[in-house]
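Summary of structural features
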Amino acid sequence: AIGFTPDMLGESPGKDRWPVLAYSARSTARMHGRVKLILALVALVVVLIVGLAALIETDAEAIRRVTNDCRLALLDGDVEGILVHLAGDAEFEQRGRKEPLAPVVRRRVEQERRRIQGISLRLRDDIEVDGDVAHATWRTFVRLRPGEKFPGARFDVRVEYRRESDGWKVRRVELSTP
């Protein structure tokens, strides 16, 4: 360990000691400046990474958004708000019977929109994404308005999604009772 004695602060005891101490003070100031610059750069990189992560939507988030947009459009009776999220070849299946999904959406939204009070969706399992295809099963409860025969209906909706050039689209919907 190097110690400083009072005689080192006055006159230089030797020609090599004082210049070394002066150089050390200057290099220490430069080092602190570099450390501050490096810390500022690291902080900037962290902020950029966190900011970009907040802007990037994951596949699962995009699929949840599409599903929720369809739910809200159904509640509003907005057929077009649902159709924009359907793939061109989307199909509907219930009790083994398959048919194109778009006509089913048009028919059911017109028939049911005045009866539906609310729709609750809960993901039963994780959203399974495999390349450009994803699957999710939603536990669904449709609350009907007062005055209807039943308060609502509970069923599972198995949905297949497909990634297209403009985002995730609903490719297939299968209804089943839990």
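Everything numeric in this text was worked out from a predicted model, so none of it was measured.

Considerations on the overall build of the protein chain
Secondary structure summary: the protein chain contains five helices and seven strands in total. Secondary structure elements of the protein chain occur, N-terminal to C-terminal, as α-α-α-α-β-β-α-β-β-β-β-β. Sorting the 178 residues of the protein chain into buried and exposed places 27% on the buried side. A separation threshold of at least 6 residues defines the contact pool for the protein chain, and within that pool the share at least 24 residues apart is 45%.

Describing the pattern of salt bridges
For the structure shown, the criterion picks out 16 salt bridges. Between Glu57 and Arg65 there is a salt bridge, with the nearest N and O atoms lying 3.0 Å from each other. Using a relative accessible area of 38% as the deciding quantity, one classes Arg65 as partly exposed. Between Asp156 and Arg139 there is a salt bridge; the shortest N-O distance is 2.6 Å. Of the two residues, Asp156 is situated in strand S6 (residues 152-164) and Arg139 in strand S5 (residues 133-144); the sequence distance between them amounts to 17 residues. Where salt bridges share partners, they join Asp89, Arg162, Glu164 and Arg171 into one cluster.

So, the confidence of the model for the protein chain
In this model, the protein chain carries an average pLDDT of 81, and 79% of its residues clear a pLDDT of 70 or more. Counted against residues more than four places away or in other chains, residues 18-23, with its pLDDT under 50, gives four contacts.

Considerations on a nonpolar patch on the surface
Residues Leu37, Leu41, Leu44 and Leu48 make up a contiguous nonpolar surface patch of about 400 Å² in total accessible area. By secondary structure assignment, the location of Leu48 is in helix H2 (residues 17-55).

Remarks on the environment of Pro146
The residue Pro146 is located in the loop between S5 and S6 in this model. Placed 31 residues apart in sequence, Pro146 and Arg115 show a C-alpha to C-alpha distance of 8.7 Å.

Focus on unusual backbone geometry
Located in the positive-phi region is Arg95, a residue other than glycine, with phi close to 55 degrees. On the secondary structure map, Arg95 appears in the loop between strand S1 (86-94) and strand S2 (97-100). We classify Arg95 as exposed; its relative accessible area is 79%.

What about the nonpolar core?
Counting 32 residues, the largest nonpolar core has Ile82, Leu86, Leu101, Val105, Tyr161, Trp168 and Val170 as the members making the most contacts within it. When residues of this core are traced back to their parent elements, those giving at least two are helix H3 (59-76), helix H4 (79-83), S1, helix H5 (101-112), strand S3 (116-123), S5, S6 and strand S7 (167-176). The contact partners of Leu101, leaving out residues within four places of it in the chain, are Leu86, Ala90, Glu91, Phe92, Val170 and Val173.

As for the environment of Arg172
Considering the arrangement of structural elements, one finds Arg172 in strand S7. Given a relative accessible area of 18%, Arg172 falls into the buried group. Each C-alpha atom, one on Arg172 and one on Phe92, is 5.9 Å from the other, the two residues being 80 residues apart in sequence. Filtering out sequence-adjacent residues up to four positions away, Arg172 remains in contact with Glu91, Glu93, Lys98, Arg158, Val159 and Glu160.

Side note on the pairing of S2
Looking along a regular strand, one sees the side chains alternate between the two faces of the sheet. By the bridge criterion, four bridges tie S1 to S2 in an arrangement that is antiparallel. Each bridged residue has a counterpart across the sheet, and for Phe92 the counterpart in S2 is Glu99. Counting the residues in the hairpin turn of S1 and S2 gives two residues, including Arg95, whose phi is positive at 55 degrees.

Quick word on the layout of surface pockets
Its volume calculated, the largest pocket comes out at about 1100 Å³. What lines the largest pocket is a set of 37 residues, and nearest its centre among them are Leu74, Arg108, Val142, Phe155 and Leu175. For the lining of the largest pocket, the elements supplying multiple residues, two or more each, are H3, S1, H5, S3, S5, S6 and S7.

The rules behind these values
Along each chain, the written sequence defines residue order, and numbers are assigned to residues from 1. Confidence filtering applies because this is a predicted model: local features only for residues at pLDDT of at least 70, side-chain atom pairs given and counted only at 80 or more, and all residues used for totals across whole chains, interfaces and linings. Side-chain calculation: all heavy atoms of the structure are included, whereas hydrogens and water are not. Helix and strand labels come from DSSP, where a helix needs a run of H or I of at least four residues and a strand needs a run of E of at least two; each type is numbered from the N terminus. Relative accessibility thresholds used throughout: buried, under 20% of the residue-type maximum; exposed, over 50%; partly exposed, between the two (1.4 Å probe, protein chains only). Should any heavy atoms of two residues lie within 4.5 Å, those residues are considered in contact. Any carboxyl oxygen of Asp or Glu that lies within 4 Å of a side-chain nitrogen of Lys or Arg is treated as forming a salt bridge with it. pLDDT runs from 0 to 100 and stands for how confident the predictor is about each residue. Only residues above 30% relative accessible area that lack a salt bridge enter a patch, with like-charged residues linked at up to 9 Å and the nonpolar side chains Val, Leu, Ile, Met, Phe, Trp and Tyr linked at up to 5 Å. Using a 1.4 Å probe, the Shrake-Rupley method yields the accessible areas, and only the shown protein chains count as cover for residues. To qualify as a nonpolar core, a set must consist of buried Ala, Val, Leu, Ile, Met, Phe, Trp, Tyr and Cys residues joined through side-chain atoms within 4.5 Å. Should DSSP find at least two bridges between two strands, the strands are regarded as paired. Think of a 1 Å grid over just the protein atoms. A cavity is a set of points where a 1.4 Å probe fits yet cannot get out, a pocket is an open set with protein on both sides within 12 Å along at least five of seven lines, and lining residues have an atom within 4 Å of a point. Grid points are joined across faces, edges and corners, and a volume is the space filled by probe spheres set on the points.

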